[in-house]
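Secondary and tertiary structure notes
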Amino acid sequence: MNPMAVVQRLTILWTLIVCCTSATLNILDDVSFMLNQPSTNTLCAFCDVLNATCPESKGNCKTSCDKVASCDHAEEVCVTVWRSSGTSVTEETLCHNPLLPLYGRMLDDYNSSTCNMKKQKTHGETLFMCACNKDQCNQEFTFDEKPYQKVAPSHKRKEHNKVPHQKSKPSEDTIIGPNNVGEEFKLRQLCKFCDILDSSCELKEPKCESICERTSTCPNSSEVCVGIWRNNGTHITEETLCHDPTLPIYGYMLDDSENKECIMKEKKTTEGVMFMCSCDEEECNLNFIWEDEKDKDPVFLWSDTTFVALSSLLPPVIIAAAVIGIFYCYRVYRKNKLSKKWEKNPPCMRHPNMDCSDDCVMMIDDDRSDISSTCANNLNHNTELLPIELDTLVGKGRFAEVYKAKLKQNTSDQFETVAVKIFPYEEDASWKMEKEIFSDINLKHENILQFLTAEERKTDVGKQYWLITAFHSKGNLQEYLKKHIISWEDLLQLGCSLARGVAHLHSDHTPCGRPKTPIVHRDLKSSNILVKNDQTCCVCDFGLSLWLDPSLSVDDLANSGQVGTARYMAPEVLESRINLENMESFKQADVYSMALVLWEITSRCNAIGEVKDYEPPFGSKVREHPCVESMKDNVLRDRGRPEISNSWLNHQGIQLVCETITECWDHDPEARLTAQCVAERFHEIEHLDRISERSCSEEKIPEDCTENTNK
Ligand code: ADE
C-alpha cells in the first residue's frame, strides 16, 4: 500500500478512537457523577453573592438567583443572606450545615419550610439571614424586624463534633480555649498560598511541584492546605490556598483533608477539567500527586484496544509529544519570568490582590514567634478564659499595661507568644472602645495589629479587662528607631506599610470591595505603631478611634472634641476647629500625625547623610510631654514643622519621601494627601528606585547612584 494512504488511514482511525474514547469517558463520568449524588439532599437556590432585587428590608422578596443546586450534604439547608451597606445591596444564596455558624451566627430557624429573614447584629451594615429546609425554599424570603441572634453559646457549639463528616475543629469564629478543654490545641497550618497562577503541571504527571513560592500560615487552625489544578482548554492554572474542610469549596467538600499528601482527584466542572486535593501537613500542597487513574478507573481496564490503536499510532504521538514539550518549555520559561518578577516586588506592595482578605484572611506570618492563632477579630463570648500565663511587662500606656504572655496548649508544653493589654477596672470604657473597634471584622489587615480576643478577668487585685493580640518582638516604632539606624529599603518598607495600614483604616471598602465603615485612629504616633519581624508596621492602640458612620450628625461628632497626643495633633485639632460637617476632616488630621511619624522614620535613615540620635518631632522645641498650648505656639503661631535639612535631599528617593511628608503636614487639611495616595507614592518611589538601580548597574555609571551606594 502506498505509505501516504497508510498514514491517512491511520490518522482517521486514530481520530475515531480518540473521539470514541473521550465520548465514552464523558458518558461514564456523567453517569458516575449522577450516581454519586445523594438523592435526599435539599435543592436550594445557589448563586453566592448577587446584587439584590429587593432594596428594602420589608415584606416578601424573590431572589434574583436563577440557579438551583442540590446541597452536597444531607444535613445542609437552604440559606439566603441579605446585606445592605452604603449603596450596595446584595443577596447570597447557598447551602449550609445549620449546626455550624455562618458569618459567626447560628441559623436557629432552619427547620422552617419558608425563609424568614432575621436581622443580625453587625457594625455599619444591615444584615439579614434566613434558613429553611424545603426544596428551593430560599428562592423567596420574607423580612421581619425580629432582633438578631447571638453566636451560639459554647455548650451548643460543642454539638458540632457530633455532626457526621465533620472534624472536631474550631469553626471560623470559635475561640480557642474553653471549647477546647481536653482537646488538642491545634496550631494553624502552614500552606502554599498563591491563589491562582499559571501552572506548568501537566495532567496526571505522577507528581508535580507547585510554582507557588509563598508559604503562609492559615488564618484559622481549622483550615487545611488545598491545591486545585484546572485546564479550561486554553489555560492551565493552579490554585493554592487554605480552606476549612467543614465548608464546601467550589461546591465540593474536601473529603481528603486528613491526608498527609495532596492527592489530586478529578472534580466535575462546567469549564474544562478540574482536579482538587487537600491535606493537613506543613506545606503539603507544594506537591500535587496525581492519583493513579489505572488503579481507580475501570475504563482504563477496558482499554486494551485503545492501547493497541494508540501504540500503532506512534508517529502522531511523537509529534504531539514534541508540541507538548515545546509548550512545556514555554511554560517553564514563563514560570521563571513570573517568579523573578515576584521576587523583585517588595512585600509591601507585592500584589494588588494579596490584600483581598475579607473572607480568606491571609496574614503572612513573618513573625514565627508571634501569634499564629486563629480567631482574629473575634470576641470571646464564652465564660471560660484562655490558658494564658503572663510573662514580662513590655509597655505602659495611658490606660493600660501590655505584657508579653504565653498562650498555652492544653495538651502539651507548647505555647504561642501573645500580647495582653491589661486595663484596670476603672478603665473599662477604654477597654470597651478598643474591643468594639477590634471586633469589626473589616479591620483585619496585615498592617493592623492582629486581634485574638477580649476577656474580663477576676484577679487577686480586682477585676481586670484584657485584650489579647499578636505579639511583635521588635516592639513599638519609637523604641525601634531609638535603637536602630535604618536603611533606605527599611524606610520604604516601614513608610509604605504604615501608609497602607492607615489607608485601610480610613477606607470605606475592604480590599475585596466589600463595604466597610471608615475608622479614624486619632492618636497616631510612633509609640502606637509596632514593628513586625519583616520590617513592616502595624497600627495598634485603638482606644481613641472612631467609626465614621455616615449616620453620625454634627452634634454626635461635636462631643468627640480634641483627643490624641498634643505633640502629634494637627493644627485644626490643636485649635479645636476641625470641620465636623465633613468626616474627611478626621482622616486629614490622622494624615498630619502620620506625616510626623514618616519624618521620624526618615530622620533615622542612613540615606539622609549624617544620622543624629533619635528625637521625636519637635523634640528640641518642646518638653517631653508638651501641652496643647506649647504645641499651638509651635504649630499654629510659628507654623513650625520638624526640620528637613538640605543635606537630606541629596538622595533622590529621600527627596520624594520628604515632598510627600510636606504635603501631608500642610496647614490646610484639604490640601493634605490621603493615606491611600501616600501608599501609592511609596509604591512609585520603590519602582523608580528599582529602575535607577538597574540603569546604574547596566550602564555602570556609579556617579548616577552615589546615594544608592551609601545605603
Ligand atoms: N507593645 C504594645 N503592644 C505590643 C505588642 N502587641 N507586641 C509587642 N509589644 C507591644
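The model shown is predicted, which means the values in this text are computed figures rather than measured ones.

Criteria and thresholds
Residue indices follow the written sequence of each chain, beginning from 1 at its first position. In keeping with the model being predicted, local features are shown solely for residues with a pLDDT of at least 70 and side-chain atom pairs are shown and tallied solely at 80 or more, while totals for entire chains, interfaces and linings include all residues. The basis for the side-chain values is all heavy atoms of the structure; hydrogens and waters are excluded. Residues grouped as a nonpolar core are buried Ala, Val, Leu, Ile, Met, Phe, Trp, Tyr and Cys residues, joined through side-chain atoms within 4.5 Å. Using a 1.4 Å probe on the protein chains alone, a residue whose accessible area is under 20% of its type maximum counts as buried, one over 50% counts as exposed, and one in between counts as partly exposed. Starting at the N terminus, helices and strands are each numbered in turn, a helix being any DSSP run of H or I of at least four residues and a strand any DSSP run of E of at least two. Should any heavy atoms of two residues lie within 4.5 Å, those residues are counted as being in contact. At least two bridges found by DSSP between two strands is the condition for calling them paired. Where helices are involved, their axes are fitted lines through C-alpha atoms of the stretch in contact, as for all axes, and angles between N-to-C directions lie from 0 to 180°. UniProt positions are given in the numbering used here, feature names are shortened, and annotations may be inferred rather than shown by experiment. Two N or O atoms count as a polar contact when they lie within 3.5 Å, although within protein this holds only if one can serve as hydrogen donor and the other as acceptor, and sequence-adjacent residues are included solely when both atoms are side-chain atoms. We define a salt bridge as a side-chain nitrogen of Lys or Arg found within 4 Å of a carboxyl oxygen belonging to Asp or Glu. We call a residue near a molecule or strand whenever a single non-hydrogen atom of that residue lies within 4 Å of it. A 1.4 Å probe and the Shrake-Rupley method give the accessible areas. Residues count as covered only by the protein chains that appear here. By this rule, a helix spans an expected 1.5 Å times one less than how many residues it contains. Angle categories: roughly parallel below 35 degrees, roughly antiparallel above 145, roughly perpendicular from 65 to 115, and oblique for all the rest. Working rule for handedness: look at the near helix, and if it is turned counterclockwise from the far one by less than a right angle, call the crossing left-handed; if clockwise, right-handed. Gly falls in the polar group here, along with every residue not listed as nonpolar (Ala, Val, Leu, Ile, Met, Phe, Trp, Tyr, Cys, Pro) or charged (Asp, Glu, Lys, Arg).

Regarding the nonpolar core
- Core analysis: the biggest nonpolar cluster contains 84 residues, and W488, L491, L498, M594, I601 and I654 have the highest contact counts within it.
- When residues of this core are assigned to their parent elements, the largest contribution, eleven residues, is made by helix α12 (residues 584–603).
- Leave out the neighbours within four places in its chain, and L491 touches I486, C496, I601, T602, C605, I654, V657 and F682.
- I228, Y252, C277 and F288 belong to the second-largest nonpolar core, a separate cluster that totals 26 residues.

Thoughts on the pairing of strand β16 (residues 262–267)
- Bridge count for β16 against strand β18 (residues 287–290) is three bridges, and the pairing is parallel. When the sheet's bridge partners are listed, C262 is paired in β18 with F288.
- For β16 and strand β17 (residues 273–279), the ladder comprises three bridges, and the chain directions are antiparallel. What sits directly across from E266, in β17, is F275.
- Counted along the chain from β16 to the antiparallel partner β17, the turn is five residues long, and its residue G272 has a positive phi close to 70°.

Examining the sheet that holds strand β22 (residues 451–459)
- Taken together, the five strands give an open sheet; going across it, the order is β19-β20-β21-β23-β22, and neighbouring strands pair in antiparallel fashion. If you trace the sheet from one side to the other, it starts and ends with β19 (388–396) and β22, each paired once. Strand-to-strand, the axes of this sheet are offset by a mean angle of 30°, without reference to chain direction.
- Judged from the eight bridges that link them, β22 and strand β23 (residues 462–470) form a sheet pairing that is antiparallel. Residue T453 lies in a different strand from β23, and its bridge partner there is I468.
- Taken strand by strand, helix α7 (residues 428–438) contacts β21 (415–424), β22 and β23, and its axis lies near 30° from that of β23.

Focus: the environment of L127
- For L127, the position within the fold is in strand β8 (residues 126–132).
- In the structure, L127 is positioned 38 residues away from V89 in sequence and 9.9 Å away in space, judged by C-alpha atoms.

Considering the UniProt feature "binding site: ATP" (unreviewed entry) in the chain
- Look at the UniProt record and you will see "binding site: ATP" (unreviewed entry) annotated at K421.
- By the element assignment, K421 lies in strand β21.
- There is a polar contact of 2.9 Å between the side chain of K421 and the side chain of E434.

Digging into the sheet that holds strand β2 (residues 48–51)
- If you walk across this open sheet you meet the seven strands as β2-β6-β5-β8-β7-β9-β3, and the pairing is mixed. Taken across any chain shown, the strands that pair with only one partner, and hence form the sheet edges, are β2 and β3 (59–62). The average undirected angle you get between the axes of adjacent strands in this sheet is 25°.
- Sheet analysis places β2 next to strand β6 (residues 88–96), joined by four bridges and oriented antiparallel.

A few points about the pattern of salt bridges
- A full pass over the atoms with the stated rule returns 19 salt bridges.
- In this structure, E575 engages R577 in a salt bridge whose closest nitrogen and oxygen atoms are separated by 3.9 Å.
- A residue is classified by how much of its surface remains accessible, and E575, at 36% relative accessible area, is partly exposed.
- According to the relative accessible area criterion, R577 is exposed, its value standing at 61%.
- For E629, the salt bridge goes to K632, with nearest N and O atoms at 3.5 Å. You can see E629 and its partner K632 sitting in helix α13 (residues 628–637), three residues apart, about one turn around the helix.
- Classification of E629 by relative accessible area gives partly exposed; the value is 48%.

A short note on the site of the ligand
- What surrounds the ligand is the set V394, V402, A419, L449, T469, A470, F471, H472 and L530.
- H472 is positioned with one of its backbone polar atoms (N or O) 2.9 Å from a nitrogen atom of the ligand.
- For the ligand, whose accessible area on its own is 260 Å², the fraction buried by protein is 88%.

Observations regarding the environment of T93
- Its location among the elements puts T93 in strand β6.
- Put simply, T93 and Q139 are 46 residues apart on the chain and 8.2 Å apart in space, counted from C-alpha to C-alpha.
- When neighbours within four sequence positions are excluded, T93 is seen to be in contact with A45, F46, C47, D48, T63, C65, V79, T80 and N138.
- Polar contacts involving the side chain of T93 include one to the main-chain amide nitrogen of C47, which spans 2.8 Å.

Description of α12
- If you check α12, its first and last C-alpha atoms are 29 Å apart, about what 20 residues at 1.5 Å a residue would give, namely 28 Å.
- Among the 20 residues that make up α12, 19 are buried, leaving the element largely enclosed by the rest of the structure.

With respect to the packing of helix α9 (residues 488–506) against α12
- Contact geometry of α9 with α12 gives a least axis separation of 10 Å together with a crossing angle of 170°. It follows that α9 is roughly antiparallel to α12 by the angle criterion. Where α9 crosses over α12, the two elements pack in a sense that is right-handed. Here L491, L494, G495, L498, A499, V502 and H506 of α9 lie close against α12, whose contacting residues are K587, D590, V591, M594, V597, L598, I601 and T602.
- A class-by-class count of the residues in the contact of α9 with α12 yields ten nonpolar, three polar and two charged.

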